[in-house]
Amino acid sequence: MKKQESSYRWVVFGSVLFAYFLIVSQRTAPGLITDQLMWEFQVSGAVIGLISSVQFFAYAGLQIPSGLLSDRFGPNHFLIIGTFLAGVGTVLYSISTYEYMLMVARLIVGVGDATIFINLVLILTQWFMGREFIKLLGFVSLTASVGSLVATVPFSMWISVTGWRAHFITIGIMLIALSAILYFILVVKPRGKFQEDERKDPKKRENVSSILHRTFTSRQAWATFMCHFGVVGAYVGFIGSWGVPFGIHVFDMSRAEASGFMMVGLVGAMIGGPLISYITSRLQAIKKIYSIIHLTVFISWIGMFFLGVNSYVAVVILLFIIGFGNGASSLTFAVVRESFPVEEVGVVTGFANTGGFLSAELLPIIFGKVLDVFSQDSFLVGYHYGFMIPVLFSLIGLVGVSMIKEKRSVHS
């Protein structure tokens, strides 16, 4: 029996999705205890920022290498190892007594995290047909949004009851246990029961430089990179760095109110992922729908430029639309699945994913530089001109989606 015809594929989907949910929830959970860490370890905010950045730089730096390895040796073991490393790093984080231990722990988590999404995409590619794949990408996007949502008030309440160490060691143990369960589900149980997709004979495999050269010179690969750069990075970069200060400075909100204010975008993302993926799978028109999304997001950021410091209602509507567009960003990987041979889906997925991360890292820096130009008394003007940055970033995404060359139908 083929994998794509077996009901067992839903067991695979549920298990890898749960692993993704847990790991996504731990990406930002340390931000809930920043003040506690500064007090307990007697370190500055800059040190805490460095500890947090280690995880994300490891994640970004390993996207393409992870894709290369997964394309060559298969995704199952790498997803299992990544889940295990994320669990070990989280446990180490919970028992750390020195700041250097916190940094090593987040580095291990980052290395594990770097393998998860790419191998999730590859596993879905192996187990599901084209139309199913597009629909399921929407649920992957929804899962990421729910994971981010859980890492706010629910986790904050948990930590307030049990303490931060109990929280992190519990999640870490869950991840380690899940890695063992995944080994059974992905490796042991399917062994000999399904027709495997044949991998290239090792002797006939291309060398890494040839694969990378083809990726870096592919118009389609750069199109997906730019799409993710524009629609994901602009949203994540703003919401994750300047969104809360924006609510505080412009609308005179408390920090808690501003955090809730930013949840509007997250709600949009939770709706946008499944809905757009479903519509796309029905119409089989990835480029057309993704182009509409990018154009809408671009116009919305222009709206933020003109109305962002003047109208609360307009900002709520625009943030929802921008979040909705971010939820639809899973179409980037539908394009990858459709456009590249299975042996290269991993590396191109990693390349495209790097675009979103790069944008999310660059936007807060440039946005902050714009704000620095203005004095404390001119925050409204600073945010007004700061919104030119996501406008430009989303324009790059719009150019990227226009570069996509779509096949006539979604292959299964």
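The coordinates are above.
Residues numbered from 1 in each chain as written. Predicted model: local features only at pLDDT ≥ 70, side-chain atom pairs only at ≥ 80, totals over all residues. Heavy atoms only, no water.

Trainee: Would you explain the packing of aromatic side chains in this entry?
Mentor: To describe a pair of aromatic rings, one takes the distance between the centres and the angle between the planes. The final tally for this structure, using the stated rule, is 36 aromatic pairs. When the ring of phenylalanine 155 is compared with that of tryptophan 158, the centres are 5.8 Å apart and the planes differ by 75 degrees; the resulting orientation is edge-to-face. Separated by 3 residues within a single helix, phenylalanine 155 and tryptophan 158 lie in helix α8 (residues 153-162), roughly one turn from each other. Under the relative-accessibility criterion, tryptophan 158 is labelled partly exposed at 28%. Relative to phenylalanine 261, the ring of phenylalanine 251 has its centre 5.9 Å away and its plane inclined at 75 degrees; by these criteria the two rings are edge-to-face. Taken together, the residues span a long stretch of sequence, with phenylalanine 251 in helix α11 (residues 219-251) and phenylalanine 261 in helix α12 (residues 255-283) at a distance of 10 residues. Among the aromatic residues, those joined into a ring-pair cluster are Phe238, Trp242, Phe246, Phe251, Phe261, Trp301, Tyr312, Phe367, Tyr383 and Phe387. (Phe/Tyr/Trp six-rings, centres within 6.5 Å; stacked < 30°, edge-to-face > 60°. Helix = DSSP H or I, 4+ residues; strand = E, 2+ residues; numbered from the N terminus. Buried < 20%, exposed > 50% of the residue type's maximum accessible area, 1.4 Å probe, protein only.)

Trainee: It is not clear to me how the packing of helix α7 (residues 130-150) against helix α15 (residues 331-339) should be interpreted in this structure. Could you clarify?
Mentor: A pair of packed helices is captured by two measures, namely the crossing angle of their axes and the spacing between those axes. In the contact formed by α7 and α15, the axes pass within 9 Å of each other and the chain directions differ by 160 degrees. Taken together, α7 and α15 sit at an angle that is classed as roughly antiparallel. As for the relative orientation of α7 and α15, their crossing is right-handed in sense. In this structure, α7 uses Gly130, Phe133, Ile134 and Leu137 to contact α15, whose residues at the interface are Leu331, Phe333, Ala334 and Arg337. (Axes fitted to C-alpha atoms, helices over the stretch in contact; angles between N-to-C directions. Parallel < 35°, antiparallel > 145°, perpendicular 65-115°, else oblique. Left-handed = near helix turned anticlockwise from the far one by under 90°. Contact = heavy atoms within 4.5 Å.)

Trainee: Looking at this structure, I do not really get the environment of valine 345. What am I missing?
Mentor: Here valine 345 is to be found in helix α16 (residues 345-373). Spatially, the C-alpha atom of valine 345 lies 18 Å from that of valine 16, the residues being 329 residues apart in sequence. Filtering out sequence-adjacent residues up to four positions away, valine 345 remains in contact with Asp71, Val121, Leu122, Thr125, Val336 and Phe340.

Trainee: Sorry if this is basic, but what is going on with the nonpolar core here?
Mentor: Soluble globular proteins tend to pack their nonpolar side chains together in the buried interior. Grouped together as the largest cluster of nonpolar side chains are 123 residues, with contacts concentrated most on Leu186, Phe238, Phe246, Trp301, Leu319, Tyr383 and Phe387. Here the element with the most residues in this core is α11; it accounts for 15 residues. (Core = buried A, V, L, I, M, F, W, Y, C linked by side-chain atoms within 4.5 Å.)

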